[in-house]
Amino acid sequence: MSAAVNGFGKVALLMGGWSAERAISLKSGAAVLEALRAAGVDAHAIDVDHRVAYVLNEGGFDRVFIMLHGRGGEDGSMQGMLEVMGLPYTGSGVLGSALAMDKLRSKQIWLATGLPTPEYVVLETQQDCERALQQLGLPMIVKPVLEGSSIGMSKVEHEAGIAAAWELATACGGKVIAERWISGREYTAAILNRRVLPMIRLETPRQFYDYIAKYEATDTRYICPCGLEPAHEHALADIMLAAFDTVGASGWGRVDFMLDENDQPWLIEVNTAPGMTDHSLVPMAAKQAGIDFGQLALEILGSCDGRKA
Ligand SMILES: Nc1ncnc2c1ncn2[C@@H]1O[C@H](COP(=O)(O)OP(=O)(O)O)[C@@H](O)[C@H]1O
Ligand SMILES: [Mg+2]
């Protein structure tokens, strides 16, 4: 299939960038590049730096596949630049990208629209730490609101641990929140062009699904199909799609959530440009739905055209 036949024209695949998730983005980008090229797409990798607008302009590209994770690529700034340049791009628009990147504002919107997300306290002062201990109890989780890949996050199990957790998260920049700890099971729902793909259950012997469990450990388990009754999974899928929509996300992405001991769902976060290596979660869910990696990459590329937000 030639570029002209598949209608996508010359495609820029943005990867790398300068966020803390650069290394993961390069891996995702390499996998997507191979798949798009194998499908006959005229795709070109661009390792993004601050000259990206110039590179895109000079290259005469027709559309952009955003495979950047984290700040600078997944947070609306790249999307805004592409809007100004008039270049169609994959995934969420400016607003959805920016809101989903911000875990605090995502939670505020979900709470305002009646969607369930764990109670939280913003940590700005020592008094806030004390209030968090009183209000949320222990254990709790402390996280930077603008980071990904579990970077800067800690489970706090003793009162004395909150100071170090706050400091670690603060070093990432941006606001920091403490969240009520949900004990139960963890899941993720991949979304592809308004379809919720089969959910994946994540299991780790570690304290939580941290950076090591995500990218290094060999004992993290990914269970798909996830073992929920089909009717239960369908009901949850409606909540996950609503969570995705209310933060203004579109195209494709992933909603992370937990089920507590009473099977009550709790929204954790939305990822608008999640990992796309051959063992990442969205490709795993797609495979379960009968969509191979190549088809998935093409469907995401097609999502440039459907954005309303
Ligand atoms: N409220 C919570 N209770 C228990 N575990 C949590 C909670 N929030 C996050 N986690 C754990 O931390 C991991 C990373 O948190 P998440 O908010 O998804 O950040 P990231 O953007 O880094 O993936 C989750 O996958 C989950 O294992
Ligand atoms: Mg997550």
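Residues numbered from 1 in each chain as written. Chains lettered and ligands numbered in written order. Predicted model: local features only at pLDDT ≥ 70, side-chain atom pairs only at ≥ 80, totals over all residues. Heavy atoms only, no water.

Visitor: Break down the pattern of salt bridges for me, citing the residues and quoting the values.
Guide: Under the criterion given, the structure shown has 16 salt bridges. One salt bridge connects arginine 71 with glutamate 147, and the closest N-O pair in it is separated by 2.8 Å. In this pair, arginine 71 sits in the loop between strand 3 (63–66) and helix 4 (77–85) while glutamate 147 sits in the loop between strand 5 (140–144) and strand 6 (154–156), placing the two residues 76 residues apart along the sequence. The class of arginine 71 is partly exposed, set by a relative accessible area of 27%. A salt bridge links glutamate 203 to arginine 201; the nearest nitrogen and oxygen atoms lie 2.9 Å apart. For glutamate 203, a relative accessible area of 25% gives the class partly exposed. Here the salt bridges share partners, and the residues they tie into one network are Lys107, Lys143 and Glu179. (Salt bridge = Lys/Arg side-chain N within 4 Å of Asp/Glu carboxyl O. Helix = DSSP H or I, 4+ residues; strand = E, 2+ residues; numbered from the N terminus. Buried < 20%, exposed > 50% of the residue type's maximum accessible area, 1.4 Å probe, protein only.)

Visitor: Any details on the packing of helix 2 (residues 22–38) against helix 12 (residues 293–302)? Residues and values, ideally.
Guide: The N-to-C vectors of helix 2 and helix 12 enclose an angle of 95°; their axes lie 9 Å apart at closest approach. One element, helix 2, and the other, helix 12, form an angle in the roughly perpendicular class. On helix 12, the residues that touch Ala31, Val32, Ala35 and Leu36 of helix 2 are Phe293, Gly294, Ala297, Leu298 and Leu301. Taken together, the residues that form the contact of helix 2 with helix 12 break down as 8 nonpolar, 1 polar and no charged. (Axes fitted to C-alpha atoms, helices over the stretch in contact; angles between N-to-C directions. Parallel < 35°, antiparallel > 145°, perpendicular 65-115°, else oblique. Contact = heavy atoms within 4.5 Å. Nonpolar A, V, L, I, M, F, W, Y, C, P; charged D, E, K, R; others polar.)

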